[in-house]
Every structure is written in structure tokens, then in C-alpha cells.
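Structural characterization, general
Now for the letters of each chain:
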Amino acid sequence: MKMTRGKLLLLAMAMQLSAWGTASAGPALMHTGGRTTQPVGHYDFCQRIPAECNQRTPKGPPVELTRKLWATIVNVNNSVNVRVKPRTDMEIYGVEEYWAYPDSGYGDCEDYALEKRRELMAVGVPAGDLLMTVVRQPNGDGHAVLTVRTSLGEFILDNLEPKVLAWNDTVYTYLKRQSTENSGVWVTINDGREDAVASVR
């Protein structure tokens with residue numbers, strides 16, 4: 001029987017929500033370092049939309065991960081992954097790197113992450129708990145994902161992975177991400193998984 005896109009989305013949500021026990025097992029937190037360079041694409045994005053780089057979040061504990069918020073995170077991740085069709089920046093804009101909201105229905109990795117960030121902020125998740133993050137894939141290619149900081153750990157929303165995973169359950173090498181206190185500042189990441197990092201180099 002052929003399944004509609006809507007049914008596939010509901011099935012994916014049901015499977016992910018059944019993983020709540022994994023999410024509540026215990027916190028998995030990245031180790032971040034000092035300030036580092038802002039990705040060129042994000043800098044340009046902020047020049048076009050200055051408010052995106054002026055978000056301030058007071059220092060404090062991350063957002064509480066309730067069952068309701070987990071369901072919202074799963075829903076946003078699946079919904080954006082289904083709605084947005086993959087296209088490179090060159091195909092859409094004629095340039096190598098251009099960060100933007102995928103309002104046209106098309107985008108690449110950072111556009112998916114930006115949209116998920118926008119939708120989660122719209123339901124009240126603080127900017128400082130929704131961090132654009134740059135990683136390296138096992139094949140060496142760069143990639144962008146959204147890190148969601150919660151009281152039960154940090155989770156990755158990814159257009160290449162249907163499930164919301166704890167950051168340390170992914171295959172990526174983590175390089176840098178937005179600051180938790182200032183959306184216009186980026187900091188380094190030392191993910192503490194040296195063996196895993198070495199194995200993909």
C-alpha cells in the first residue's frame with residue numbers, strides 16, 4: 001500500500017516519540033571553548049536580517065525538556081524535513097554559500113536548520129537553546145545542523161537524519177556553534193570524542 005506524505009510523517013513522529021525514554025536517560029552536553037570565526041554565510045545572513053544576530057539570552061540553565069516540548073521538537077524536525085526540498089545554494093541563488101530561510105520551499109542544510117530554529121523560537125524556546133552548529137561529516141564534507149539545548153541534554157535536528165538524536169549519538173565531528181548568550185557570536189566545540197574523531201580523519 002502506498003503511503004501518503006502525511007502518513008509517513010505521522011509514522012515517523014510516532015516512532016520518534018516512542019524514543020522519549022532515550023531522551024530522558026540523562027544529559028549529554030557538548031564542551032565549548034572560546035570565541036571563534038563566524039561562518040561567512042551566517043555573517044551575510046545577519047547583515048540582511050540584523051535581528052538574527054542581536055538575540056541575547058541570560059546565562060542560566062537550558063530549557064526544561066518536557067514530553068510536550070519533546071513532541072514539539074520531533075514535529076518541527078519532521079515537518080521541516082518533509083516540507084523543504086533539497087537544493088544547493090548554487091541551484092537556488094547562483095552562489096556557493098547563502099544562508100536563508102527556505103520560504104521558497106527549497107534549501108540546503110543551513111536553511112533547514114534556520115527554519116527549525118525559527119519555528120521553535122515561535123513556540124517559546126529561547127534563542128540561547130537553539131544553536132546553529134557547523135560539523136564535519138565522516139566523508140569530510142561540511143554540514144550545518146541545529147543543536148537544541150535542554151535540561152536532559154543537547155539534541156541535533158538534521159535534514160540528513162529523520163530522528164532527533166543526542167549530539168554524541170551522531171556520526172559528526174563538531175566544530176563550532178552559536179554562543180548560548182549571543183546569537184551573533186560563535187564558539188569552538190571540543191566534543192570529547194577523540195577516538196571517534198580520529199577514526200573519521
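Before reading on, note that the structure itself is shown above.
A few points on the structure. As the structure is a prediction and not an experimental result, all values here were calculated from the model.

What about the state of the cysteines?
- One pass over the full model with this rule turns up 1 disulfide.
- There is a disulfide in this structure between Cys46 and Cys53, and the S-S distance comes to 1.7 Å. Disulfide Cys46-Cys53: the torsion about the S-S bond is 50°, which places it as right-handed. The pair Cys46 / Cys53 is uniform in exposure class, with both members buried.

What about helix α3 (residues 40-48)?
- Of the positions making up α3, those classed as buried are Gly41, His42, Phe45 and Cys46. Angular distribution of buried residues about the axis of α3 spans 135°; they occupy a single face of the element.
- Where α3 is buried, its residues meet α6 (109-122), β8 (173-178) and β9 (186-190).

So, the sheet that holds strand β1 (residues 31-36)
- Taken together, the 7 strands give an open sheet; going across it, the order is β1-β9-β8-β4-β5-β6-β7, and neighbouring strands pair in antiparallel fashion. Edge positions in the open sheet fall to β1 and β7 (161-166), since each of these has one partner strand only. Recorded for the sheet is a direction-independent mean angle of 30° between the axes of neighbouring strands.
- Taken together, the 3 bridges between β8 and β9 define a ladder with antiparallel strand orientation. Paired with Gln178 across the bridge in β9 is Trp186.
- Packed onto the sheet, α6 meets β4 (130-136), β5 (142-150), β6 (153-158) and β8 and runs at close to 20° relative to β5.

Rules used throughout
- Residues numbered from 1 in each chain as written.
- Predicted model: local features only at pLDDT ≥ 70, side-chain atom pairs only at ≥ 80, totals over all residues.
- Heavy atoms only, no water.
- Disulfide = S-S within 2.5 Å.
- Buried < 20%, exposed > 50% of the residue type's maximum accessible area, 1.4 Å probe, protein only.
- Helix = DSSP H or I, 4+ residues; strand = E, 2+ residues; numbered from the N terminus.
- Arc of directions from axis to C-beta.
- Contact = heavy atoms within 4.5 Å.
- Pairing = 2+ DSSP bridges.
- Axes fitted to C-alpha atoms, helices over the stretch in contact; angles between N-to-C directions.

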